[in-house]
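# Breakdown of the fold
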Amino acid sequence: MTPAERLASARLWAAYHYPYMASALFAVRFVSAENVGGVAADEHFRIYVDHAQTSSWTSELLGVEMVHQVGHLLRGHASRAREIGLVGDDLLHWVDSVDAEINDDLSNTHAAPVDSALPVDLGLAPSLFAEEYFVNGERRAGTQRDCGSAAHGDPRQWEEPPPSSDIDGIRKGETDLIRRRVASEILSHEQRHGSSPAGLLRWANSLLNSRVDWRRELGATLRRGVAEISGAVDYSYRRPSRRAGCSPDVVLPSLRHRVPRVSVVCDTSASMNENLLTEALTEIDGLLAASGVRLDAVSVFTCDAEAGPAQLVRSASEITLVGGGGTDLTVGIDAAVQSSPRPDLVVVITDGWTPWPTSTLRTIRVLAVLLGENPPAPPGWVQAVAIKDMASPTVEVETH
Ligand SMILES: [Zn+2]
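These lines cover the structure that appears in this document, whether it is placed above or below. Sequence order as written defines the numbering, with residues in each chain counted from 1. Owing to the predicted nature of the model, reporting of local features is limited to residues with pLDDT of at least 70; listing and counting of side-chain atom pairs is limited to 80 or more, with chain, interface and lining totals taken over all residues.

Attention shifts here to the overall build of the protein. Check the secondary structure of the protein and you find 14 helices and nine strands. Exposed residues have 12 or fewer other C-beta atoms within 10 Å of their own C-beta, buried residues have 20 or more, and residues in between are partly exposed; the C-beta atoms are placed from the backbone. Split into buried and exposed, the 400 residues of the protein put 38% on the buried side. A sequence separation of at least 24 residues applies to 66% of the contacts in the protein between residues at least 6 apart. Strands here are runs of E lasting at least two residues and helices are runs of H or I lasting at least four, both read from the DSSP assignment and numbered beginning at the N terminus. We call two residues in contact when their backbone-placed C-beta atoms lie within 7 Å.

Here is the structure:
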């Protein structure tokens, strides 16, 4: 068989054994690459295959690898890695952790991906989240399994640049559509046959019932931002920094007990839902006060196409909404960043239909509070919480 025929036959094997994954499997584009050592994927649904290394593999083994790599893409392992902030040799332990999250959902009636970790290899029970394997799992010695940036978000030397056209790879908006399609296939497969793997079912349920309680999510995100700035970091999902690990008695002074300065940039363009905006502001107001941020340390900037003058307010209800028309929040964010004293955290409330600054704001964290149905996503370095109309039912689900 030619390499192309081997890939086609492996993909058919995968789609036959994992039919609910077919739309993801057939969205994949294969790229022939050397030095991969086997099979890896990037975040754009491209699977890199080292034909020299895999020429003796059966369709089954190659097919299992495809299902495994698609698992990284569906479960958003790259963005979850970025949230954790991997350093140095954390990367291979993270790969083992995300592999363990995937592999316990693979059927044990066929071969497993080569040298890929199972929960038991990390000394833990199955059906946990990758973050749990990462924090609590034992490190495997001598593993070199990489899986590519689909698993950890750090592009490998064999990967192609991000797609500039639909032929090159799948772009962000379509990735989300594929995820939702697979999730609903998993649920209907469960209804018809009752045999969908537990971890995938949980993933599909949480993706499709993503009307999470936004207050809870906003609270958690805002508290985490404030805590990290003031030094009271909750390390439950993070590893202590290497510096702290080397000299445990040394307290890093810049991180201790500083009350963060917060700026709120508020989109006041015509497309904003005023009720949601008021709810969001009230919630942020309360959360900041509860987190120990003095309200006189909060400045609010209103912004449509041009930033209004900074308003210093004592509570959300004092904010005057002005403006209308198009939005360019870069102007408002810029006004917040240039203000004195400089903020540590900028909370941007918007419907998302705006340009964003092109690069990260160095030491300033940015949290986007996105209002309305299906707002476009901000750039990856901006943390985001989506707020939907509470007229819809709220379902509490586990999220990462
Ligand atoms: Zn993997």
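The discussion continues.
Counting through the fold element by element, L25 comes out in helix 2 (residues 22–25). A count of 22 C-beta atoms within 10 Å places L25 in the buried class. Between the C-alpha atom of L25 and that of A14, which follows or precedes it by 11 residues, the distance is 7.8 Å. Leaving out residues up to four positions away in the same chain, L25 has contacts with R11, A14, A15, M66 and V70.

By convention the nonpolar core is taken to be a set of buried residues drawn from Ala, Val, Leu, Ile, Met, Phe, Trp, Tyr and Cys and joined through C-beta atoms within 7 Å. Within the largest apolar cluster, 55 residues are counted, with the highest numbers of intra-cluster contacts made by M21, A24, M66, V67, V70 and V182. Looking at this core, the element that brings in the most residues is helix 4 (residues 59–74), giving seven residues. If sequence neighbours within four positions are ignored, V67 has contacts with A14, Y18, M21 and L106. By size, the runner-up hydrophobic cluster in this structure holds 39 residues, among which are L222, F301, C303 and V346.

Packed helices, taken two at a time, are described by the angle their axes make and the gap between the axes. Axis geometry follows a simple rule: fit a line to the C-alpha atoms, using only the stretch in contact for helices, then measure angles between N-to-C directions, giving values from 0 to 180 degrees. Closest axis-to-axis distance for the helix 1 (residues 3–17)/helix 4 pair is 8 Å, and the angle between their directions is 65°. Our classification of the angle between helix 1 and helix 4 gives roughly perpendicular. Our pair here, helix 1 against helix 4, has a crossing hand that is right-handed. Facing helix 1, whose interface residues are R6, S9, A10, R11, W13 and A14, helix 4 presents S59, E60, L62, G63, M66 and V67. Only Asp, Glu, Lys and Arg are considered charged in this grouping, and only Ala, Val, Leu, Ile, Met, Phe, Trp, Tyr, Cys and Pro are considered nonpolar; every other residue, Gly among them, is considered polar. Along the lines of polarity and charge, the residues of the contact of helix 1 with helix 4 split into six nonpolar, three polar and three charged. By definition in this entry, angles of less than 35 degrees are roughly parallel, angles greater than 145 are roughly antiparallel, angles of 65 to 115 are roughly perpendicular, and the rest are oblique. Two helices cross in a left-handed way if the nearer one is turned anticlockwise from the farther one by less than a right angle. They cross in a right-handed way if the turn is clockwise.

The subject of this paragraph is helix 10 (residues 198–208). Considered for burial, the residues of helix 10 that qualify are G199, L200, W203, A204 and L207. Seen end-on, helix 10 carries its buried residues on one side only, within an arc spanning 130°. By arc we mean the arc of the directions from the helix axis to the C-beta atoms, nothing more.

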